[in-house]
Amino acid sequence: MNAYELRETIGADGLLLNRERTEPEAGPGEVKIRVRATSLNFRDLLIAGGKYPARQDASLVPLSDGAGEVVAIGAGVSRFQVGERVAGTFFQGWSGGAIPADVSGRALGGTADGMLAEYVVLPEAGVIHSPGHLSFEEAATLPCAGVTAWNAVVETGRVRAGDTVLLLGTGGVSMFALQFAKLHGAQVIIASSSDEKLARAKALGADTLINYRSTPDWELEVLKATGGRGVDMVVEVGGAGTLEKSIKSVRVGGFIAIIGVLAGLGQIDPRPIIGRAVRLQGIFVGSGEMFASMNRALTGAALKPVIGRSFAFEEAKQAYGYQAQGSHFGKVVVTVGS
Ligand SMILES: NC(=O)c1ccc[n+]([C@@H]2O[C@H](COP(=O)([O-])OP(=O)(O)OC[C@H]3O[C@@H](n4cnc5c(N)ncnc54)[C@H](OP(=O)(O)O)[C@@H]3O)[C@@H](O)[C@H]2O)c1
């Protein structure tokens, strides 16, 4: 079968299309999936560049996110049937409950083979039905960015109608967070590098738009927009480059979901966190149960993920390059097969 393998951690050039990788077969308790679409996350760029913990052999199949159809089931599989549309869960070892200590041990496209292949075989517990109203491309965007945003905004952030949520950028996590915050009746303030992207975010329901390039002191704009109070929640994907401003943007006693490091690493002064009694919580994607809850919400509201651009399987390297440029809006998808 055709599958990409991360042969070297030198960026997208380290990807090799192996046209003769052995097709996996479903053993007892396993589900064989014909992958129809995958999607990229910032993490996939880090893994390709050797900047994220991943299996270090020359045959790792990249990408955590993919969706397809069940083509075979092993003995004892009870939740799935041939022909059903499914996706894999990001963490293969976190079905529900509290996050396990060894959660990273089986993460698709990192410590375990991922989805950029024609066929994958996963344990039944690591597979989830896709919402019926979504295409394969749309369903492929959910496992990492979707579940992370759902965990941050809904499961851990407990957003309520009338809350104000601050989002940074218009990438995959932020666009899901926008949709989930609006679904729950929150006001959304969004900061982006681009006026054109801000206009697209407005069309998706964003209430207050800030260009963080032309307004470097964007935390002051956030305070102005909230009458000096600050936002109830920040979905923090920037890291050290933005966290200080996020802490200034949040209300006393507010919540910051610590998710990403788009703007780099660094040190942070704990004093304003203490003085303003801010709650910071690391978010690490989410469980299979959270994925199922999100899917119910997507189905109930007929919500569709935001796809910025789609690439063919043979164009996977270009898709990596496009994601790395940061010019995308929402998710970047790579289709698999016809
Ligand atoms: N903890 C977890 O479980 C988890 C899960 C998923 C992702 N993450 C992390 O979350 C971050 C976002 O991931 P993603 O996949 O959504 O990324 P992405 O789709 O690649 O998002 C990139 C976008 O972020 C915005 N951005 C870049 N630098 C920024 C800055 N300095 N300030 C504000 N916005 C900035 C840009 O949007 P504009 O052009 O609109 O400004 C850019 O297009 C990454 O660091 C990723 O590793 C963590």
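What you see is a predicted model, and the numbers here were worked out from it, not measured in a lab.

Here is what the cut-offs are and how they apply
- Residues numbered from 1 in each chain as written.
- Predicted model: local features only at pLDDT ≥ 70, side-chain atom pairs only at ≥ 80, totals over all residues.
- Heavy atoms only, no water.
- Helix = DSSP H or I, 4+ residues; strand = E, 2+ residues; numbered from the N terminus.
- Rg over C-alpha atoms; globule rule 2.2 N^0.38 Å.
- Buried < 20%, exposed > 50% of the residue type's maximum accessible area, 1.4 Å probe, protein only.
- Contact = heavy atoms within 4.5 Å.
- Areas by Shrake-Rupley, 256 points an atom, 1.4 Å probe, with all protein chains shown as cover.
- Core = buried A, V, L, I, M, F, W, Y, C linked by side-chain atoms within 4.5 Å.
- 1 Å grid on protein atoms, 1.4 Å probe; cavity = no way out; pocket = protein on both sides within 12 Å on 5 of 7 lines; lining within 4 Å.
- Points joined across faces, edges and corners; volume = space filled by probe spheres on them.
- Nonpolar A, V, L, I, M, F, W, Y, C, P; charged D, E, K, R; others polar.
- Polar contact = N/O pair within 3.5 Å; in protein donor to acceptor, adjacent residues only side chain to side chain.

Participant: Describe the overall build of the chain, with residues and values.
Facilitator: On a plain count of helices and strands, the chain comes out with ten helices and 15 strands. Whereas a compact globule of 338 residues would reach a radius of gyration of roughly 20 Å, the chain reaches 20 Å, a difference of no more than 12%. Summarising its shape, the C-alpha atoms of the chain cover approximately 60 × 40 × 35 Å along the three principal directions. Taking all 338 residues of the chain together, the buried fraction comes to 53%. Long-range pairs, those at least 24 residues apart, make up 68% of the contacts in the chain between residues at least 6 apart in sequence. Element-wise, carbon and sulfur atoms account for 51% of the exposed surface of the chain, whose accessible area totals about 13,800 Å².

Participant: Residues and numbers for the nonpolar core, please.
Facilitator: Ranked by size, the top nonpolar core spans 69 residues in total, and within it Val153, Val165, Leu166, Leu167, Phe180 and Met294 carry the most contacts. It is helix α3 (residues 142-156) that contributes the most residues to this core, nine residues altogether. Residues in contact with Leu167, not counting those within four places in the same chain, are Ser174, Ala177, Leu178, Val188, Ile189, Ile190, Ala191 and Val235. Tyr4, Val86, Ala117 and Ala316 belong to the second-largest nonpolar core, a separate cluster that totals 37 residues.

Participant: Help me get a handle on empty space enclosed by the protein, residues and values and all.
Facilitator: All told, the structure shown has one cavity of 30 Å³ or more when counted by the stated rule. If you list the elements that add at least two residues to the lining of the largest cavity, you get α3 and α9 (288-301). A per-class count over the lining of the largest cavity returns seven nonpolar, four polar and no charged.

Participant: If you had to explain the side chain of Thr226 to someone new, which residues and values would you point to?
Facilitator: For Thr226, the location among the structural elements is in the loop between α6 (218-225) and β11 (231-236). Within the local environment of Thr226, its side chain forms a polar contact with the backbone nitrogen of Gly230, the two atoms lying 2.9 Å apart.

Function-wise, these values are silent; they only describe arrangement.
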